Amino acid sequence: MERHISQRFDSDLEALKSQVLEMGGIVEQQIIDSVKAIESVNRPLAEHVLEVEDDIDRREVLLDENCTMILACRQPAASDLRMVLSVTKMTRDLERMGDEAQKIAQMAIALSDDGAAPGGYEEIRHMGALVQKMVNSVLDAFARFDADKALDVARADTQVDREYKSAMREIVTYMMEDPRSIGRVMNILWALRSIERIGDHARNIAEHIIYLVKGYDVRHTSVHEIEKRLNKS
């Protein structure tokens, strides 16, 4: 009987993992589509991104309900408890990534209405590629329960932050050169801000994975300190 219950519990946890990865895959595609939509000022693609948001919200609610059920009925301990707690936090970050992709899509629609901005698209393309790679890597780290790969994602966020600051300087230059374009350039600026925030959420997920795998709470901890803790384990 106990073995049967244990097998059911393992099945519940595996289902949680699969649901997170499914949600993550949808969010990853949403990010790819939103960046492509604003790069090419593609209104139909941007509108598609907005339509997907309801599905992401629904999946977040379902995952929360499943986690609550497991906590109430299974009363997990140790690593199993960390798994459930990590999933609840990860789904929140995934949902917020979806929100940021939605904002990027809205900026793409605004540009399709008002006309393309005079610049900033190369910065969008470059930062978008960096963040898309982070999201793909962090989902893979979760699939493999790989703390070292999660650490690589945390490292990558530092580069995204540097790129964002550099891009902001370029955006200011566009606005100074052509004040009439400020409204359109601001759409690029807000899109870049959303891309940077997606990177932050990917790092958050990486930290949840390190907690899940190693039991270390590394929130509000520098990459250097995380490296030292993992090297000691």
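Criteria and cut-off values
Residues numbered from 1 in each chain as written. Predicted model: local features only at pLDDT ≥ 70, side-chain atom pairs only at ≥ 80, totals over all residues. Heavy atoms only, no water. Phe/Tyr/Trp six-rings, centres within 6.5 Å; stacked < 30°, edge-to-face > 60°. Buried < 20%, exposed > 50% of the residue type's maximum accessible area, 1.4 Å probe, protein only. Lys NZ or Arg CZ within 6 Å of the ring centre and 35° of its normal. Helix = DSSP H or I, 4+ residues; strand = E, 2+ residues; numbered from the N terminus. Expected span 1.5 Å × (residues − 1). Axes fitted to C-alpha atoms, helices over the stretch in contact; angles between N-to-C directions. Parallel < 35°, antiparallel > 145°, perpendicular 65-115°, else oblique. Nonpolar A, V, L, I, M, F, W, Y, C, P; charged D, E, K, R; others polar. Disulfide = S-S within 2.5 Å. Core = buried A, V, L, I, M, F, W, Y, C linked by side-chain atoms within 4.5 Å. Contact = heavy atoms within 4.5 Å. Salt bridge = Lys/Arg side-chain N within 4 Å of Asp/Glu carboxyl O. pLDDT = per-residue confidence, 0-100. 1 Å grid on protein atoms, 1.4 Å probe; cavity = no way out; pocket = protein on both sides within 12 Å on 5 of 7 lines; lining within 4 Å. Points joined across faces, edges and corners; volume = space filled by probe spheres on them.

1. Focus on the packing of aromatic side chains
Move 1: According to the stated counting rule, one finds one aromatic pair in the structure shown.
Move 2: With a centroid separation of 5.8 Å and an interplanar angle of 70 degrees, the aromatic rings of Phe142 and Phe145 are classed as edge-to-face.
Move 3: Residue class for Phe142 comes out buried when judged on its relative accessible area of 0%.
Move 4: For Phe145, a relative accessible area of 35% translates into the label partly exposed.
Move 5: Taking the ring centre of Tyr211 as reference, the NZ or CZ of Lys89 above it sits at 5.6 Å.
Move 6: The residue whose ring lies beneath Arg229 is Tyr216, and the NZ or CZ to ring-centre distance is 4.2 Å.

2. Side note on helix 6 (residues 182-214)
Move 1: Taking 1.5 Å as the rise per residue, helix 6 with 33 residues should run 48 Å; its terminal C-alpha atoms sit 48 Å apart, in good agreement.
Move 2: At the exit of helix 6 stands Gly215, carrying a positive phi of roughly 80 degrees.

3. Some remarks on the packing of helix 3 (residues 78-114) against helix 6
Move 1: Interhelical geometry of helix 3 versus helix 6 gives an angle of 170 degrees and a closest axis separation of 9 Å. One finds that helix 3 runs roughly antiparallel with respect to helix 6.
Move 2: When the residues that make up the contact of helix 3 with helix 6 are grouped by side-chain class, the tally is 20 nonpolar, seven polar and nine charged.

4. A short note on the state of the cysteines
Linking two cysteines covalently via their sulfur atoms produces the bond known as a disulfide.
Move 1: Under the criterion given, the structure shown has zero disulfides.
Move 2: In this structure Cys73 is a free cysteine whose sulfur lies 13 Å from that of Cys67, the closest cysteine sulfur available.
Move 3: Take Cys73: its relative accessible area is 53%, and that puts it in the exposed class.

5. Description of the nonpolar core
Move 1: With 73 residues, the main nonpolar core has Ile38, Met97, Ile171, Ile188 and Leu192 as its most contacted residues.
Move 2: Of all elements in the fold, only helix 1 (2-39), helix 2 (43-74), helix 3, helix 4 (121-144), helix 5 (147-177), helix 6 and helix 7 (223-232) reach the threshold of two or more residues within this core.
Move 3: Residues contacting Ile171, with those up to four places away along its chain left out, are Gly120, Val185, Ile188, Leu189 and Leu192.

6. A closer look at helix 3
Structural remark: α-helix, 3.6 residues per turn; residues separated by three or four positions point the same way.
Move 1: The end-to-end C-alpha separation of helix 3 is 54 Å, in line with the 54 Å expected for 37 residues at 1.5 Å each.
Move 2: Positioned one or two residues after helix 3, Gly115 has a phi angle of 105 degrees, which is positive.

7. Section: the pattern of salt bridges
Move 1: As enumerated under the stated definition, the model contains 18 salt bridges in all.
Move 2: Residue Arg219 is joined to Asp217 by a salt bridge in which the shortest nitrogen-to-oxygen separation is 2.7 Å.
Move 3: The partly exposed category is assigned to Arg219, whose relative accessible area is 41%.
Move 4: Accessibility expressed as a relative area gives 41% for Asp217, which makes it partly exposed.
Move 5: Overlapping salt bridges, with partners in common, bring together Glu22, Asp55, Arg58 and Arg59 in one network.

8. Describing the confidence of the model for the chain
Move 1: Mean pLDDT over the chain works out to 91, with 97% of the residues at or above the 70 mark.
Move 2: Within the chain, helix 4 carries the highest mean pLDDT (96), whereas helix 7 carries the lowest (85).

9. Focus: the environment of Ala78
Move 1: Looking at the element boundaries, Ala78 is found in helix 3.
Move 2: For Ala78, a relative accessible area of 58% translates into the label exposed.
Move 3: As for Ala78 and Leu139, which are separated by 61 residues in sequence, their C-alpha atoms are 23 Å apart.

10. What to know about the layout of surface pockets
Move 1: Of the volumes computed, that of the largest pocket is approximately 220 Å³.
Move 2: Around the largest pocket, the lining residues are Lys89, Arg92, Asp93, Arg96, Arg203, Asn204, Glu207, His208, Arg219 and His220.
Move 3: Listing elements by their share of the lining of the largest pocket, those giving two or more residues are helix 3 and helix 6.
Move 4: Split into classes, the residues belonging to the lining of the largest pocket amount to no nonpolar, three polar and seven charged.

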